[in-house]
Amino acid sequence: MTSNPEDSISTALERLALTLGESGAVPVPELVRALERAAERLRTRNVSEEAPTDLVTQAEAARAIGVSRQAVNQWVRNGVLRAYVRSGASSRYGPEVSLSEVAIAANRRSREVPFAQGRRRELLDFLGLIERASTASIVRDIRDSIEDDSFSGRSQDQLRVLREFVIASMGVGDQQHEFNAAGVKLLADLDPRFEVDRTSPFGRLAESLGLLIRSAHGAAGFDSPAAAVLGLLGAGTVGALYDGEDADCGREIAHAAQEVWGHEWPLRLYDVAFHVGQLRPTPLTRYTASLTYLDYNRFLRQAQSSGVTIAYARGPGVILPQRCYGAPILRDILDGRRDDSTTWRFSQKAATTGRPAQLPSGESPFRAFHYEHGLLDTTIHGIRRYCFPAVDAGQELRSYARSLSAAERRTYLQCAVDTLARTLSQPHIELAVIDEQEHFDWWKDHIIRASPREILIGLRDERSRRTAHALLVETSMLPEVVEAADSDGSLRDRLRIYVKNLEFDVIDARYRDDIRRGVARVVKHGGQALPRDESLALATEEIRTFMR
């Protein structure tokens, strides 16, 4: 029997590494780190050597990102930015730069407005107005977390949950999971930090809106102060549009917020969610689907300093109107009666389609927040890379269109074209499509969005989803996952490798490698602002392709 030469070489290399470590010739920790670095370089070696796909002149980059041309030129001269010379390109404008790299450089030099005393006073005034009846308890919890400097959102249970996820993801093929049985139990056993009485008016409303995390012990509520603020935002916007005694609570929240901030109160509550999240960070937060959509604004704002985010979506709202606007708003659009004076508003008739907890998560009315105040929000800086699988998007587009009458189908498809055209016209959005189904792998299906500071991990298993739709993880927590396995050297070494799947540099390298290898097709590069006619023509052609 002849042995496979490749297997022999692999075995020899493995034995060499073991001999170096066991003999003490190389300290084991240093050997492991060296092997990891070598493996990572081999995985992404072609990516770093390739010129970026978003090269433009320095003047074009300055206009797209909103900085001076002199600043870009100085960053190049000081080595902050790399300059690229493409073969055959005109030398008239000098070396080119990467738009995403310019965005990173620009946003690292900008600062978010701090949670000033005036803004904090406005928040406390708002909380004082709703500190009564069924919202009194959650209001006190939010206020206490802000005023108590000893407040900590960190716990060892959070670390164990993330560790169980990484361990379960180590498998190959059918053996790759989100959690094993022990991990599912650990996830469900965590009680929310801020509990809400589900039998109270606010509790009933929040639960019907899909805002509350529930533990196996029957407790319901929110895992972090920022999530609790988003809960108030959801109740005061979408919640106030429904009939019922519990919805009166949402209308009271909206009235109090308007009294403090005027008609821009939803944006001010988004400010509050961001600043409270910065002030009282929580390393791991469980999110429902509704919170996942509401949180995109805060997520993008914290990512501004890094300049680039990456999002994967199996059901892309930029193609599918029901996933952009949600079922109630789409119903108004199809009936020709949409009130677009407010991004999230829908009619009483449309409200009869159901509350968010009764609808498929992809058709939640909170989806409008995900796009209008997230992906498409022009007030937040940075390049947003958005990638989705063509097969899934096309199948759902065709299926939904077939379920409509002829007149509704025309309106639906025109809505799809208009939404995609609007997306393509935004300079901050980079849109990529994966045409082959098998290339939208397990990790892409689980990474909802990622930045250097945070990653939102989607949970797809029904057992996990009974507790949470997603896990928001601060990337600063990732090294602790490895350190927690200190007593098990073999597990620690494997964790050190697999946890890299959650690091932004690796996610970004894989994204760019997919484009280089032709696995992903770029519809529009980030930093490119298409004219209305061009974006409309491109959108029309793309929707026609998905309908075939």
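The shown structure was predicted, so the numbers you read here are calculated from the model rather than taken from an experiment.

A look at helix α21 (residues 406-424)
- Its 19 residues give α21 an end-to-end C-alpha distance of 27 Å, which sits within 8% of 27 Å, the value for a rise of 1.5 Å per residue.
- Along α21, the residues classified as buried are Glu408, Tyr412, Cys415, Ala416, Val417, Thr419, Leu420, Ala421, Thr423 and Leu424.

A few points about the side chain of Glu454
- Relative to the helices and strands, Glu454 resides in strand β11 (residues 454-458).
- In this structure Glu454 comes out as buried when scored by relative accessible area, which is 8%.
- Excluding anything up to four places from it in sequence, Glu454 contacts Arg298, Phe299, Gln302, Leu472, Val473, Glu474 and Thr475.

Re the pattern of salt bridges
- For the structure shown, the criterion picks out 38 salt bridges.
- For Asp271, the salt bridge is made with Arg301, and the minimal N-O distance between the two is 2.6 Å. Remark: Arg301 occurs in helix α15 (residues 296-302) and Asp271 occurs in helix α13 (residues 265-279); sequence separation between them is 30 residues. As far as burial versus exposure is concerned, Asp271 and Arg301 are alike and both buried.

Comments concerning the sheet that holds strand β10 (residues 447-450)
- Overall, mixed pairing links the eight strands, which are arranged β6-β12-β11-β10-β7-β8-β9-β13 in an open sheet. The open sheet has two free edges, formed respectively by β6 (284-287) and β13 (520-524), since each of these has just one partner strand. Strand-to-strand, the axes of this sheet are offset by a mean angle of 20°, without reference to chain direction.
- This element, helix α20 (residues 390-402), spans β8 (383-389) and β9 (429-434) of the sheet and lies at about 70° to β8.

Overview of the pairing of β9
- Among the six residues of β9, six are classified as buried, and the element is accordingly described as predominantly covered.
- Looking at chain direction, β8 and β9 are connected through six bridges and run parallel. When the bridges of β9 are listed, Arg385 appears paired with Glu430.

Describing the packing of aromatic side chains
- For the structure on display, the rule yields 13 aromatic pairs.
- The interplanar angle of 40° and the centroid separation of 6.0 Å between the aromatic rings of Phe366 and Phe369 together place this pair among those described as tilted. You'll find Phe366 and Phe369 in the same group, each marked buried.
- Chaining the aromatic ring pairs together yields one cluster made of Phe165, Phe179, Trp442 and Trp443.
- Stacked on the ring of Phe299, the Lys or Arg Arg449 has its end atom at 5.3 Å from the ring centre.

Comments concerning the environment of Arg338
- Within the fold, Arg338 resides in the loop between α17 (327-335) and α18 (348-351).
- Taking relative accessible area as the criterion, Arg338 reaches 25% and is therefore assigned partly exposed.
- As a C-alpha pair, Arg338 and Ala350 span twelve residues in sequence and 9.7 Å in three-dimensional space.
- With residues up to four places along the chain from it excluded, the contact list for Arg338 reads Tyr325, Ile329, Asp332, Ile333 and Thr343.

Digging into unusual backbone geometry
- Positive phi outside glycine occurs at Ala133, with the angle close to 50°.
- Take Ala133: it is sitting in the loop between α6 (117-130) and α7 (136-147).
- With a relative accessible area of 74%, Ala133 lands in the exposed category.

Parameters and conventions
Residues numbered from 1 in each chain as written. Predicted model: local features only at pLDDT ≥ 70, side-chain atom pairs only at ≥ 80, totals over all residues. Heavy atoms only, no water. Helix = DSSP H or I, 4+ residues; strand = E, 2+ residues; numbered from the N terminus. Expected span 1.5 Å × (residues − 1). Buried < 20%, exposed > 50% of the residue type's maximum accessible area, 1.4 Å probe, protein only. Contact = heavy atoms within 4.5 Å. Salt bridge = Lys/Arg side-chain N within 4 Å of Asp/Glu carboxyl O. Pairing = 2+ DSSP bridges. Axes fitted to C-alpha atoms, helices over the stretch in contact; angles between N-to-C directions. Phe/Tyr/Trp six-rings, centres within 6.5 Å; stacked < 30°, edge-to-face > 60°. Lys NZ or Arg CZ within 6 Å of the ring centre and 35° of its normal.

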